[in-house]
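# A structural walkthrough
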Amino acid sequence: MSKRFNRRSRRAVIPLAAVSALVAGAGLTGCGQQRDASVYTVLNSSTDETYHRWDAEAMARCGERLGVTIEQQSVPAAQVMTKALRMASSKSLPDIVQFDASEMPTFAEAGGLVDLRGLGLSTADVPQGIVDFGSYKGTYYGAARSVNTLALFYNKDVLDGAGLKVPSTWAELRETAKKLTQGKRYGIALSAGGAEDGVFQFTPFMWSNGGDEARLDGPRVVEALDYWKSLLKDGSLSKSTVGWTQADVNDQFMAGNAAMMINGPWQVETLNTKKSLHWGIARIPVPRAGGKSVGPLGGAVLTVPNTGDEQRERTAGKIVACLSSEREQLTYALNSWMVPANEKAAAAWRQRVPELDALADQVAAARSRTAELGAGWSGVSLALQSAFQSALTGESSGAALKRAQQRATSGN
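Residues numbered from 1 in each chain as written. Predicted model: local features only at pLDDT ≥ 70, side-chain atom pairs only at ≥ 80, totals over all residues. Heavy atoms only, no water.

### Considering the sheet that holds strand β11 (residues 300-303)
Going by this rule: Here, a strand pair is defined by DSSP locating no fewer than two bridges between the strands. Counting from the N terminus, the helices are DSSP H or I runs at least four residues long and the strands are E runs at least two residues long. Helix axes are fitted to C-alpha atoms over the stretch in contact, other axes to C-alpha atoms as well, and angles between N-to-C directions run from 0 to 180 degrees. When checking whether two residues touch, look at their non-hydrogen atoms; a contact exists if any pair is within 4.5 Å.
Read from one edge to the other, the open sheet built from 4 strands follows the order β2-β1-β3-β11, with strand pairing classed as mixed. Lying at the two open borders of the sheet, with one neighbouring strand each, are β2 (69-74) and β11. Pairs of neighbouring strands in the sheet enclose a mean axial angle of 20 degrees, with direction left out of account. In this sheet, β11 lies alongside strand β3 (residues 96-100) in antiparallel orientation, the contact comprising 4 bridges. Bridge pairing links Q98 to L302 in β11. Along the sheet, helix α12 (residues 310-323) contacts β1 (39-44), β2, β3 and β11; its crossing angle with β1, the most-contacted strand, is approximately 60 degrees.

### What to know about the state of the cysteines
Spelled out, the test is: What counts as a disulfide here is a pair of cysteine sulfur atoms lying within 2.5 Å. Between buried and exposed lies partly exposed: a residue is buried under 20% and exposed over 50% of the maximum accessible area for its type, with that area taken using a 1.4 Å probe on protein chains only.
Summed over the entire model, instances satisfying the criterion amount to 1 disulfide. Shown here is the disulfide that connects C62 with C322, its sulfur atoms set 2.1 Å apart. Between C62 and C322 the sulfur-sulfur dihedral comes to about -90 degrees; the bridge is accordingly left-handed. Taken together, the residues C62 in helix α2 (residues 49-66) and C322 in helix α12 connect sequence positions 260 residues apart. Of the two residues, C62 and C322, neither departs from the other in class, the shared state being buried.

### What to know about the nonpolar core
Under the convention used in this document: To define a nonpolar core, start from buried Ala, Val, Leu, Ile, Met, Phe, Trp, Tyr and Cys residues and group those joined through side-chain atoms within 4.5 Å.
One finds F99, F153, W279 and W349 to be the most contacted residues of the largest nonpolar core, which totals 75 residues. Examining the composition of this core, we find that 6 residues originate from one element, helix α3 (residues 80-89), more than from any other. Residues in contact with W349, not counting those within four places in the same chain, are L330, A333, L334, W337, M338, V339, P340, L356, L359 and A360. Counting residues in each nonpolar core, the second largest holds 49 residues, with V222, L232, I262 and L392 among its members.

### Points about helix α7 (residues 170-180)
Selection criterion: The directions considered for the arc are those from the helix axis to the C-beta atoms.
Of all the positions in α7, only W170, L173, T176, A177 and L180 are classed as buried. Angularly, the buried residues of α7 cover 130 degrees about the axis, an arc narrow enough to put them on a single face. Where the residues of α7 are buried, they touch β7 (151-155), α6 (156-162), β8 (186-189), α8 (196-208), α9 (219-234) and β9 (258-263).

### Details of the sheet that holds β9
Ordered in space as β8-β9-β7-β10, the 4 strands form an open sheet in which the pairing is mixed. The sheet is open, and its two borders are formed by β8 and β10 (279-282), each paired with just one other strand. Averaged over all adjacent pairs, the angle separating strand axes in this sheet is 20 degrees, with direction ignored.

### Observations concerning the pattern of salt bridges
Applied cut-off: Throughout this description, the term salt bridge denotes a Lys or Arg side-chain nitrogen within 4 Å of a carboxyl oxygen of Asp or Glu.
Overall, the coordinates contain 18 salt bridges when judged by the stated rule. Among the salt bridges present, the one from K165 reaches E172, with a minimum N-O distance of 3.9 Å. Residue classification places E172 among the partly exposed residues on the basis of a relative accessible area of 26%. Residues R369 and E196 are paired through a salt bridge, measuring 2.8 Å at the closest nitrogen-oxygen approach. One end of the pair, R369, is in the loop between α15 (357-364) and α16 (377-391); the other, E196, is in helix α8, and 173 residues separate them in sequence. For the pair shown, R369 and E196 are each scored as buried. One salt-bridge network, held together by shared partners, links R283, R350, D357 and D361.

### Side note on the packing of aromatic side chains
Under the convention used in this document: In summary, the pairing rule links any two rings of Phe, Tyr or Trp, Trp by its six-membered ring, whose centres are within 6.5 Å, and it sorts them by plane angle into stacked for under 30 degrees, edge-to-face for over 60 and tilted for everything else. Placement of a charge over a ring requires the Lys NZ or Arg CZ to be within 6 Å of the ring centre, with the centre-to-atom vector within 35 degrees of the ring normal.
Within this structure, the stated rule accounts for 11 aromatic pairs. Between F200 and W266, the aromatic rings sit 6.3 Å apart at their centres with planes inclined by 45 degrees, giving tilted as the arrangement. Of the two residues, F200 sits in helix α8 while W266 sits in the loop between β9 and α11 (268-271), which places them 66 residues apart along the sequence. Both rings, one in F202 and one in F388, keep their centres 5.1 Å apart while their planes meet at 65 degrees; by these two values the pair is edge-to-face. Within this pair, whereas F202 is found in helix α8, its partner F388 is found in helix α16, the two being separated by 186 residues in sequence. Both residues of the pair, F202 and F388, count as buried. Put simply, the rings of W170, F202, F205, Y227, W228 and F388 pair up and form one aromatic cluster. Across the ring face of Y332, the terminal group of R145 is positioned such that the distance to the ring centre comes to 4.1 Å. Its end group placed over the ring of Y40, R312 keeps NZ or CZ at 4.1 Å from the ring centre.

### Quick notes on the packing of α7 against α9
Basically, it comes down to this: Orientation labels follow simple angle bins: below 35 degrees gives roughly parallel, above 145 gives roughly antiparallel, 65 to 115 gives roughly perpendicular, and whatever is left gives oblique. Should the near helix be turned counterclockwise from the far one by less than a right angle, the crossing is left-handed, whereas a clockwise turn marks it as right-handed.
Running from N to C, α7 and α9 point in directions that differ by 15 degrees, and their axes come no closer than 10 Å. Taken together, α7 and α9 sit at an angle that is classed as roughly parallel. For the pair α7 and α9, the sense of crossing is right-handed. In this structure, α7 uses W170, L173, R174 and K178 to contact α9, whose residues at the interface are E223, A224, Y227, S230, L231 and D234.

Below you can see the structure in the form of structure tokens.
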């Protein structure tokens, strides 16, 4: 990802038992310190100056509407969960925590969050997939302002110069990537690194092929990893992919070392700094013509921690409702190049940034990584990361994924 917006950054994986113990031990039936009744805090990962400023402006607008002051405490994304746990143990939880959606279920499972519907938030204009994105076991805990997913980015000049069309199937992608691989330029770049970046990038191939994260050694998952291996075998994909983050992939694309890449909208601002680069986006190719391209939903959700102070929780719910309102979502999405979670805001967004229309289509079919396994996703992610490293450096996909399934099941 870009330096400015790294939503797939490396995170410390904290066991559920540890989270539950810390949250339960916090005694969340009362606050540990006296709070200013008119000041509310939001813990988020907006450490970048630009995003911190955008959030501050949104919080100022919502604070004025609600008659309160809203302050943000920003820490790197990898530290949000640990920071929230430390604050819980000292009974000093913030009023709102913005979790990465893949981490939210762990805190919810431990009993640390409040049902947003119970605080009056509506999901009437939110697609079901995005409602699920912010839910755990059917309870709506996290409101998304915007979401992201992955798409196929391509260099228009390179494809046009080769007389090639944008690929839409795996066979077309493989053939196109082979033809575009020349000299130091690879046909395609993607991240298969040993972190969540690589897992995030693998899910469109796994899910579009009918694979299931609950059965990592299933034939559809093996086929998807074999497809990645075929790109390596062709020489269309750099062997360095096993160490690349999504930011590295974007760097390769911008430097002309890759004709196509799998990446997300957080790269758009950086891409646009190179005026000579004429890029386009399309849905990620599917195994067979006519198939559905299913990518992962990414992004963060605003949650209200269970502090035991019902009055503050109700006001916090109103703040979340304001920050995730149609108007605020559109403003935030236009700044960040993300897709609004609200359907009405998304429709307006499409009109404002038609060049990203394919991304909105990809979001419409995207899935939450934690929808099926909830807090168990972190174990699956770690198991897959290890499988990529093994399979892409020589081991068979079947053997690597069989071991990954055993690891995910055992929790070791």
